[in-house]
Amino acid sequence: NGGDVGGALRDILERNGIRGMYRGAPAVAARQMTNWASRQGFTELVRPRIGVPGVAGELLAGCVGGALSSWNTPFEVARIEAQSISFEKSMPETGSRGRLFSTLGDIVKERGVAGLYVGIFPRLSQACYQTVFMVCVPRILDN
């Protein structure tokens, strides 16, 4: 426990076993499986309704689709919360699903529903940027 990475790794393994290495994994999986599907899906949904032709319309659709994909921010907040739990606490014995929802519930109890959306504005910006460059630009280059 000398403050180095190896010491922290040994500490985690001694206290919680291999499960301790994956705190927050259910939240990561929930966020990731909804992330790109949402970005692509919302962009496709918005594209014909934008009313702006050409490249500008494509980019605008990507920004709107990316912003709408931020609905899953609570999963990201839960991941960060689960991963930042003090090493002094032992892992709960509930299943992964129980930990994810109990973490979300704890956040709401402590900070209210707004606590689930901490960091939403930087996440909106990142989602717009990523959606434009990974969903829309390939489509623009293809046409």
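Going by the structure above, here's the rest.
Residues numbered from 1 in each chain as written. Predicted model: local features only at pLDDT ≥ 70, side-chain atom pairs only at ≥ 80, totals over all residues. Heavy atoms only, no water.

(A) Inspection of the overall build of the protein chain at higher detail. Along its length, the protein chain carries six helices and zero strands. Along the chain direction, N to C, the helices and strands of the protein chain fall in the order α-α-α-α-α-α. The contacts of the protein chain with a sequence gap of at least 6 include a subset with a gap of at least 24, amounting to 76%. For the protein chain, the computed accessible surface area is about 8600 Å², with 63% contributed by carbon and sulfur atoms. (Helix = DSSP H or I, 4+ residues; strand = E, 2+ residues; numbered from the N terminus. Contact = heavy atoms within 4.5 Å. Areas by Shrake-Rupley, 256 points an atom, 1.4 Å probe, with all protein chains shown as cover.)

(B) Quick peek at the pattern of salt bridges. Under the criterion given, the structure shown has seven salt bridges. Of the charged contacts in the structure, one is a salt bridge between R15 and D11, with a shortest N-O distance of 2.7 Å. Taken together, the residues R15 and D11, both in helix α1 (residues 5-16) and four residues apart, mark about one turn of the helix. A relative accessible area of 38% means that R15 is categorised as partly exposed. When the shortest N-O distance is used, the salt bridge between R139 and E58 registers 3.4 Å. One end of the pair, R139, is in helix α6 (residues 120-142); the other, E58, is in helix α3 (residues 54-68), with 81 residues separating them in the sequence. Taking relative accessible area as the criterion, R139 reaches 35% and is therefore assigned partly exposed. Assessed through its relative accessible area of 9%, E58 is described here as buried. Members of the salt-bridge network, linked through shared partners, are E44, R47, E58 and R139. (Salt bridge = Lys/Arg side-chain N within 4 Å of Asp/Glu carboxyl O. Buried < 20%, exposed > 50% of the residue type's maximum accessible area, 1.4 Å probe, protein only.)

(C) Here's a closer look at the nonpolar core. Core analysis: the largest hydrophobic core is formed by eight residues, namely A30, F75, V77, A78, L100, L104, I107 and L116. Of all the secondary structure elements, the ones that give two or more residues to this core are α4 (73-83) and α5 (96-111). (Core = buried A, V, L, I, M, F, W, Y, C linked by side-chain atoms within 4.5 Å.)

(D) The arrangement of α6 in detail. With 23 residues, α6 extends 32 Å from end C-alpha to end C-alpha; this agrees with the ideal 33 Å at 1.5 Å per step. Largest kink in α6: about 40°, centred on C136, with the proline P138 one to four residues after it. Three or more residues of α6 are buried, namely I120, R123, A127, C128, Q130, T131, V132, V135 and C136. (Expected span 1.5 Å × (residues − 1). Bend = angle between axes of the 7 residues up to and from the residue.)

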